[in-house]
Amino acid sequence: MKKHVSMVRFSEHISDILSYGGLVLCIVVFSILSQGRLFNAYNIKILVQAVCVYAIMAMGAIFIYSMGYMDISVGSQVGVYCILCIVVTNKTGSLLAGFLTILALSLICGLINGYVAVMLGLPSIVTSIFLMSIFGGAQLLIMEKLAINSISIEYDMTFFKSTEFMIFVIVVIALISIYLYNYTQLGEYVKSIGANELATSYSGVKTVKWKVLAYVFFGICVAVGAFMLTARTGSAGQGTGTGYAMDIMVALLLGGMPLSGGMKSKMSSSLIGSFTYVILSNGLNLAGVKVEYSYVIKAVVFLAVILVTCRKKDGVLPR
Amino acid sequence: MGEILLEVKKMNKKYGPIVALKDVDLTISRGEVHGLVGENGSGKSTITSIAAGMQPRTSGEMIFLGEEWNPSSMIEAQHNGLSMILQEANTIPGCTVAENLFAGRENEFAKWGFVNSKKMNKAADEILDKFGITHMRGKDPIDQFGFEDRKLIEIARAVDDKTEILVVDETTTALSLEGRQILYKLMDDMIKRNKAVIFISHDMDEILEKCTILTVLRDGEIRGVLNEDEIKSVQSLGTIRQLMVGRDIGDKFFRGDFDSGHLDEVALEFSNVSGPNVKEFNLQLHKGEIVGIGGLSGCGMHEVGKMGFGMENIDKGHVRSGGHEISSAKEATDNKIGYISKNRDTEALILQGSIDTNITMASLADISKAGFISPKKKAKLAKEQIDLLEIKCKSGKQWVNTLSGGNKQKVSFAKWIAKGSEIVIMDCPTRGVDIGVKQAMYELINQMKCEGKAILMISEELSELIGMSDRLIIMKDSKISKEFTRSESLSESDVIEYMI
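Residues numbered from 1 in each chain as written. Chains lettered and ligands numbered in written order. Predicted model: local features only at pLDDT ≥ 70, side-chain atom pairs only at ≥ 80, totals over all residues.

**Quick notes on unusual backbone geometry**
In most cases, non-glycine residues show a negative phi, while peptide bonds are predominantly trans.
Residue and element names in this part refer to chain B.
Move 1: In the Ramachandran plot, Asn277 falls in the positive-phi region, its phi being about 65 degrees despite a non-glycine side chain.
Move 2: Looking at the secondary structure, you find Asn277 in the loop between β13 (266–275) and β14 (278–286).
Move 3: For Asn277, a count of 16 C-beta atoms within 10 Å puts it in the partly exposed group. (Helix = DSSP H or I, 4+ residues; strand = E, 2+ residues; numbered from the N terminus. Buried ≥ 20, exposed ≤ 12 C-beta atoms within 10 Å, placed from the backbone.)

Here you go:
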C-alpha cells in the first residue's frame, strides 16, 4: 500500500522531476564537456542575454498555453516589433516612442487574438496563423521599403543591454507573472479554461474577457521581449524573430508545461524551460558540436522529453 | 420450470475502481418473464448490456443455449437469439423506417453490394403488420415520427423468429398506454412460443403484473429472488422495496411534510419564454419554494433550466430575477443564481482539477481583495463546504476525477452553497448517485428550502419530484401540460398521464 502511494506521488510529480532534473543534467553535462567554460563570467553574460528574451516571452506564453491554446505568430510579431522599434526610435530620437509604438501594436494583436477567434467561432490557432502571415508580410514589406538588408539603432543602448538591466527586467516580469498567475482571477481562470472551458463558463465566468486579458498580457511580454532583443542585437532585418514561436514552445515543454494546459500548468515551467533550452544550445556550442549536429541533438532531446511526459494517460499533448 | 436458456455465473464488472457487478449469478429459463429491479446504478442494465454484447465483462462466465457466450456486439447477440430494446432512443435519424429496421442486416437484401430497397421496404411492411403497427411504412423517413413511434420501431427491430431472449430495458416509461399494449402483447407472444423475456422497469405495478420471477439487485449484488407465488402475495411490494434499499428508509427519505407553503417574494420569473425546444413557458419561483419540473427527456425541461441560468438563447419572453434580466451566466451568478448541470462531468466540474478549485470556482471574484486572491481564504472556503457536505476525500487538494459519483455531485452542490446562491436550479440532482448520498441530498435541498432559498428541480425521476416539490410542473412537447400542488395522494401514474 505504501509503495502504491509513493508510486502515485512519483507519477504526480514526474513532470517536475523531469524538468528540474533535465536542467541539472544539462548544467552538469555541459560544465564537464565545456571544461568549466559554461560558467565563466563571459559566458554567464551570454547566457543571461539569451535567456532574457526567451524567459520574458515564455512567461507571457504560459497564460496562453494554460488555456490549451498556442500562438505561432510570435516569431513574425517579434520581427516587426524589432524593426518598428528601431525605425521609430531613429525617426523621433526617442527610445520611449519606439517602445510605446510596439507596445500599442502588441495590445492590438492581443485583442485580435482573443476577440476575433471567439467572435468568428474559430480556434485560436487559426487567428494566430492569420497574424503570422500578416506580420510576416509586413516584415518583408517594411524591409523592402527601407531598401536595406538590416537596420541599426542609432540610440545609445549601453544601459539597456547591460546584464544588470536584463536581470532586472526578468525579475520584474517574473514577479508580475507569478502574482497574476497564482494569486488572481486571471491565473485561476486560464488554468480552468484549459481544464474545462464549458464548466468554467457554467460557473458564471466570462471566459471571453479572461481570454482577451491573457492574450493582452502575452502581447505585453512579447513587446518587452522584442525590445530586449533590439537592445541586445542593436539591429534587425528580414530574419529577425524567425523560430521564436517554436523555440518558446520547446522551452515550455522542456520546463514541463503540458501542451493541453489545465491545472497542471505551472509558471516555473517558463523559467526552468528557458534556462534548459539556452544552456542546451549554448553548451552544445561550447562543447564544440557543429551547429548542424546540434539541431539533431536538440531534436532528439525534445523527442525524449515528449515521449516520457506525454505518452501516458491524461498526458500533455493537446486535445 | 423450462429449459435453461441463459446462465450467468459469478459475473463481475468494474469501471476502474468502481464495482458495478459483484459475483452475480442469474439463470433465465424458457417461458419466464424475468424481472430485474433495483435502484439506479444497482447494476440491472449492466447485466443485460453485457449479455447483449454492448460491453465486455471483467470476469465470470455466461452460457447461452448450452454454449459459452461471448458476444462482441449487439448485432452478433441479436443474430444468435438475444435481443435488447434500449432505454435511450436508438433509431438512426435521416434514414427510412425500413433502413432502421434492418440496420446491420442490409446484406440480406443486397446484391453486388447494392441494397434492394424495394425488397427491404416490403419486408419491413410485413414485420410492421405482424406487430399491428399500421400507421408506419417501410419507406417513410424515420424523422417524421415521434419518440414513441420510434420506440416501436426499435421493438420491431429487436425481435424476429430467431429471438430466444428479449431484453426490455425501461422501455415502457417512454410509451403511452397503446404502445405498452403492443409491447405487452409481444411479451405474451414470446412466452406463448416458449421463449424468455428479461424485463427491467421502475414501474412496480407492471413488474408485479408481468413477471413470473423477480431478481432484486442492490449495489451490483443480487439481494433476493422472488418466485411467482411470492410476487403475487400481498406483501410483495414491501419485501421488494426492503431488498432494493437494504434498510428501512422510513418516511424520511423525501420530505416528511406536505405543506406547500413558501414566502411571497418572487425569486425567479419566467414570463412567456420561448426558445429552442421551449414554448411560452411561464413560472414564478418563490423564495422558500421547491418547484419540480418533470417530463420525458425531449420535453424541453432541461432547456428551461439552462434558460434560467442564462446559458440558453431566448427567442421571446423574459427571465428575470430581482428586476434584472438574466441573459448570461455572469448575470445569473451576480444575481445569486446557481446551476447544477445534468452533465456533471462536462458542464459542472473540472475533473482534472482539485476539489478546492471546483468549490471556489464561482466565488473567486467574491473572495478577491483588490485583485488579490488569498490562498488561505480559498482553502478555508472549500474546507467549510467539505466539512458541511461531508465530502469524502483526503484533502481539498485531491483531484475531483478520483472521487465517487456521489462525492462529485456533492462538490457541484458545494460550489453554489459556497457562493451563497439564493436560487438554485438543479438538473437531475441525484443522477448516478447512490442511495445514501441521495438521502443526504434530499435533506440538504429541504434545508435550503427552510433557509428561504428558491429551488428549481428538474428531474427524470418522478419519485423524487413528487417527494420533494411544493409544485410540480409537467412538460410535454416543449410546453407545460399540467401543474400539480404538493399532496400526499399524488401518485406516479397520475403524473405520467400528462407526460406522454
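**Some details on the domain arrangement of chain B**
Move 1: Per the domain assignment, the segments making up chain B are domain 1 (4–94 + 141–248) and domain 2 (252–496).
Move 2: A straight line from the C-alpha centre of domain 1 of chain B to that of domain 2 of chain B covers 32 Å. (Domains from an automatic or database assignment.)

**Digging into the packing of helix α3 (residues 41–66) of chain A against helix α9 (residues 207–233) of chain A**
Residue and element names in this part refer to chain A.
Move 1: Close contact between α3 and α9 brings their axes to 8 Å; oriented N to C, the two are set at 170 degrees. Of the possible angle classes, the one that applies to α3 and α9 is roughly antiparallel. Along its contact with α3, which presents Gln49, Cys52, Val53, Ile56, Met57, Met59, Gly60, Ala61, Phe63 and Ile64, the element α9 presents Ala214, Tyr215, Phe217, Phe218, Ile220, Cys221, Val222, Val224, Gly225, Met228, Leu229 and Arg232. (Axes fitted to C-alpha atoms, helices over the stretch in contact; angles between N-to-C directions. Parallel < 35°, antiparallel > 145°, perpendicular 65-115°, else oblique. Contact = placed C-beta atoms within 7 Å.)

**What to know about the interface of chain B and chain A**
Move 1: The interface of chain B with chain A comprises 26 residues on the first partner and 18 residues on the second.
Move 2: When contributions to the side of chain B that touches chain A are tallied by element, the ones reaching two or more residues are α11 (329–334), α12 (344–348) and α14 (364–367) of chain B.
Move 3: With four residues, α11 of chain B is the largest single contributor of residues to the side of chain B that touches chain A.
Move 4: Of the residues assigned to the side of chain B that touches chain A, the class counts are 14 nonpolar, nine polar and three charged. (Nonpolar A, V, L, I, M, F, W, Y, C, P; charged D, E, K, R; others polar.)

**A word on the sheet that holds strand β12 (residues 221–226) of chain B**
Residue and element names in this part refer to chain B.
Move 1: Here six strands make up an open sheet; going across it, the order is β6-β9-β10-β3-β11-β12 and the pairing mixed. The open sheet has two edge strands with one neighbour each: β6 (82–85) and β12. Each neighbouring strand pair of the sheet contributes to a mean axis angle of 20 degrees, computed without reference to strand direction.
Move 2: Where strand β3 (residues 33–37) and strand β10 (residues 196–200) come together, four bridges link them in parallel fashion. Residue pairing across strands places His34 opposite Ile198, the latter belonging to β10.
Move 3: This element, helix α6 (residues 177–192), spans β3, β9 (165–169) and β10 of the sheet and lies at about 145 degrees to β10. (Pairing = 2+ DSSP bridges.)

**Here we look at the sheet that holds strand β22 (residues 479–485) of chain B**
Residue and element names in this part refer to chain B.
Move 1: Strand order in the open sheet made by the six strands is β18-β19-β20-β15-β21-β22, with mixed pairing throughout. Strand pairing shows two members of the sheet lacking a second neighbour, β18 (337–340) and β22, which therefore form its edges. Taking the axes of each pair of neighbouring strands and ignoring which way they run, one obtains an average angle of 15 degrees across the sheet.
Move 2: As paired strands, strand β15 (residues 290–294) and strand β21 (residues 471–476) are joined by four bridges and run parallel to one another. Across the sheet, residue Ile293 finds its bridge partner in β21, namely Ile473.
Move 3: Across the sheet, helix α10 (residues 301–308) is in contact with β15, β18, β19 (423–427), β20 (454–458) and β21; its angle to β20 comes to roughly 150 degrees.
Move 4: Strands in contact with helix α16 (residues 405–419) are β18 and β19; relative to β18, the strand with the most contacts, it is inclined by about 175 degrees.

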